[in-house]
Amino acid sequence: LWPVRGDVWELFLTRCPAGEVSCDTFSFCVFVAATCAPHFWLHCILTATLPNITTCLVSGDYKMNRISDLIDLCAQNKKALLYAAAVGLGTLGLGLLLKSLHKKSPRKVSQVGVVSELIIYAVKSCKGLHVQKAECLEMGLKYGELKDRHWLVITEDGHQVTGRQEPRLVLMSVTSSDESLCLKAPDMEELNIPLKLSNKNPIVNCRVWSKDIQGRDCGDEASLWITQYLAGERTYRLVQFESDMKPRRHHEHGSKVVYPDDSPIMLLSEASLEDLNTRLERKATVGNFRPSIVVSGCEAFAEDSWDEIQIGSMRLYRVMACSRCIFTTVDPETGVIDRKEPLETLKSYRLCDPSEKHIYKTAPLFGQYYRVDKTGILQVGDPVYKITY
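Calculation notes
- Residues numbered from 1 in each chain as written.
- Predicted model: local features only at pLDDT ≥ 70, side-chain atom pairs only at ≥ 80, totals over all residues.
- Heavy atoms only, no water.
- Helix = DSSP H or I, 4+ residues; strand = E, 2+ residues; numbered from the N terminus.
- Buried < 20%, exposed > 50% of the residue type's maximum accessible area, 1.4 Å probe, protein only.
- Areas by Shrake-Rupley, 256 points an atom, 1.4 Å probe, with all protein chains shown as cover.
- Lys, Arg positive; Asp, Glu negative; His and termini not counted.
- Salt bridge = Lys/Arg side-chain N within 4 Å of Asp/Glu carboxyl O.
- Polar contact = N/O pair within 3.5 Å; in protein donor to acceptor, adjacent residues only side chain to side chain.
- Core = buried A, V, L, I, M, F, W, Y, C linked by side-chain atoms within 4.5 Å.
- Contact = heavy atoms within 4.5 Å.
- 1 Å grid on protein atoms, 1.4 Å probe; cavity = no way out; pocket = protein on both sides within 12 Å on 5 of 7 lines; lining within 4 Å.
- Points joined across faces, edges and corners; volume = space filled by probe spheres on them.
- Nonpolar A, V, L, I, M, F, W, Y, C, P; charged D, E, K, R; others polar.
- Pairing = 2+ DSSP bridges.
- Right-handed = clockwise from strand over helix to strand, strands pointing away.

**As for the overall build of the chain**
And then number 1: Each helix and strand in the chain was counted, giving ten helices and 21 strands.
And then number 2: Here the chain holds 389 residues, and 48% of them are scored as buried.
And then number 3: For the chain, the accessible area works out to roughly 20,100 Å², and carbon and sulfur atoms hold 51% of it.

Here it is in structure tokens:
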């Protein structure tokens, strides 16, 4: 507890002796005290309720009889005491509000780049769909009825299946037509799945990076199609996340996530990819790294310092770097996994700071993850603004 200023108490106790002050005069003195020390009301309440500890709450050399007089006065002027409490709370609330507004008001907004690509991966690990315009929702990009990584291939026991285990998933393209999800893949006939699944389809408990999340089964036809395409010995199923289901919470930053690994949005700059390609014999593409947003017009790895950005009407907040795994070695054009490049080259110069090894371990960092602080529309050609405070 903070002691009330002594000069305010002196004014009050000297000029307002107990029993000789009107409620209005008392209220005015309380208002002055509350203005000078917002915790005044708390002192009044505690001294009126707990007389045996008043000497610990009030600073100064006042005698106990003066404290007792104050307690009696507070008891006689309950209306004024309530007024003091209201003033104190109001002062404290106003201060917190002004502090909050000051904290959120950007001090500097500067353009750092331009959106050059927007990509949606409706089924996790499938081929990305390049679009010119998208809606950015709390859980990622949306184009028409397609939502980024809202469909997932799983095993029969519910574990996720990605390009790490089945590299040929990257050759499977996904679009939407009317009320259907359209799946295409090499040597396979096109399959149309209803976007609005029947309630008769079971809800499946899935496992994504040691976290439980639900999905509604897309049916036996979809299961047979994917199993046949991947030509494995296992049976695979396709599930869809529905809006009334509970998303995952990331263990590091707490962002809501559906089926993506770490966050709803991953951003990468063209310059960072170009810098990597100067070190590779065989050039990598955006398809190796699967970002949602690609930015041009900035220096290599400039995105590492974009803690908060605005694009169009939306605002993103950086939560962590994107740690890279063996999935980056899958050729997005052939579906063949190399298991070496570009991952090995990235490890030679993009490892994390030693203080962050408990988060990223030995994985190289390439691109940045963002949460969506403000939803909105964005399109290719939109300027990207960095916000600093």
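**Overview of the side chain of R248**
And then number 1: Mapped onto the secondary structure, R248 falls in strand β13 (residues 248-249).
And then number 2: Buried and unpaired, R248 has D262 as its nearest opposite-charge partner, separated by 6.0 Å.
And then number 3: A polar contact is formed between the side chain of R248 and the backbone oxygen of P260, at a distance of 2.7 Å.

**Examining the nonpolar core**
A general feature of soluble globular proteins is that nonpolar side chains tend to end up buried together.
And then number 1: Counting 30 residues, the largest nonpolar core has V123, L183, I193 and L238 as its most contacted members.
And then number 2: Looking at this core, the elements that each hand over two or more residues are β6 (151-155), β8 (180-184), β9 (191-194), α7 (220-230) and β12 (236-240).
And then number 3: Ranked by residue count, the leading element in this core is α7, at five residues.
And then number 4: Every residue in contact with I193, bar those within four places of it in the chain, is listed here: E179, S180, L181, L183, C218, A222 and L238.
And then number 5: By size, the runner-up hydrophobic cluster in this structure holds 23 residues, among which are V112, V131, C298 and A302.

**Some remarks on the layout of surface pockets**
And then number 1: Put simply, the largest pocket is a space of about 790 Å³.
And then number 2: Looking at the largest pocket, it is lined by 34 residues, and the ones nearest its centre are R164, W209, D261, D262 and Y369.
And then number 3: Those elements giving two or more residues to the lining of the largest pocket turn out to be β13, β18 (314-323) and α10 (357-360).
And then number 4: Looking at the lining of the largest pocket element by element, the count peaks at three residues for β18.
And then number 5: For the lining of the largest pocket, a count of residues per class yields 13 nonpolar, nine polar and twelve charged.
And then number 6: Estimates place the volume of the second largest pocket at around 480 Å³.
And then number 7: Around the second largest pocket sit 22 residues that line it, and K147, H150, F241, E242 and S243 are the ones nearest its centre.
And then number 8: Residues that form the lining of the second largest pocket fall into these classes: nine nonpolar, five polar and eight charged.

**A few points about the sheet that holds strand β3 (residues 133-137)**
And then number 1: A sheet is described by the order of its strands in space; here four strands give the open sequence β5-β4-β3-β20, paired in antiparallel fashion. Where the open sheet ends on each side, the last strands, each with one partner, are β5 (146-147) and β20 (376-379).
And then number 2: Here three bridges tie β3 to strand β4 (residues 140-143), and the two strands are oriented antiparallel to one another. From the neighbouring strand, E135 faces β4, where its bridge partner is K142.

**Things to note about unusual backbone geometry**
And then number 1: In this structure, the amide linkage connecting E341 to the following residue, P342, adopts the cis form with an omega of 5°.
And then number 2: Note on placement: P342 falls in the loop between β18 and α9 (343-347).
And then number 3: In the Ramachandran plot, W209 falls in the positive-phi region, its phi being about 50° despite a non-glycine side chain.
And then number 4: Within the element layout of this structure, W209 appears in the loop between β10 (203-208) and β11 (211-217).
And then number 5: Positive phi values are uncommon outside glycine, yet R290 reaches one of about 55°.
And then number 6: Relative to the elements of secondary structure, R290 occurs in the loop between α8 (270-277) and β16 (293-296).
And then number 7: With relative accessibility at 10%, the residue R290 sits in the buried group.

**Quick word on the pairing of strand β15 (residues 265-269)**
And then number 1: For β15, a buried count of five out of five residues is recorded, marking the element as mostly surrounded by other parts of the structure.
And then number 2: Neither face of β15 is left uncovered, since the one carrying I265, L267 and S269 and the one carrying M266 and L268 both have all their residues buried.
And then number 3: Alignment of β15 against strand β19 (residues 365-374), held across three bridges, turns out to be antiparallel. By the bridge assignment, M266 is partnered in β19 with Y369.
And then number 4: Relative to β16, β15 is paired through three bridges, and the arrangement is parallel. Among the inter-strand pairings, L268 is bridged to a residue of β16, identified as V294.
And then number 5: Of the crossover connections in this fold, the one passing from β15 over α8 to the parallel β16 is right-handed.

**Describing α8**
Because each turn of an α-helix spans 3.6 residues, side chains separated by three or four positions end up pointing in the same direction.
And then number 1: A271, S272, L273, L276 and N277 are the residues of α8 that are buried.
And then number 2: On the buried face of α8, the contacting elements are β15, α9 and β19.

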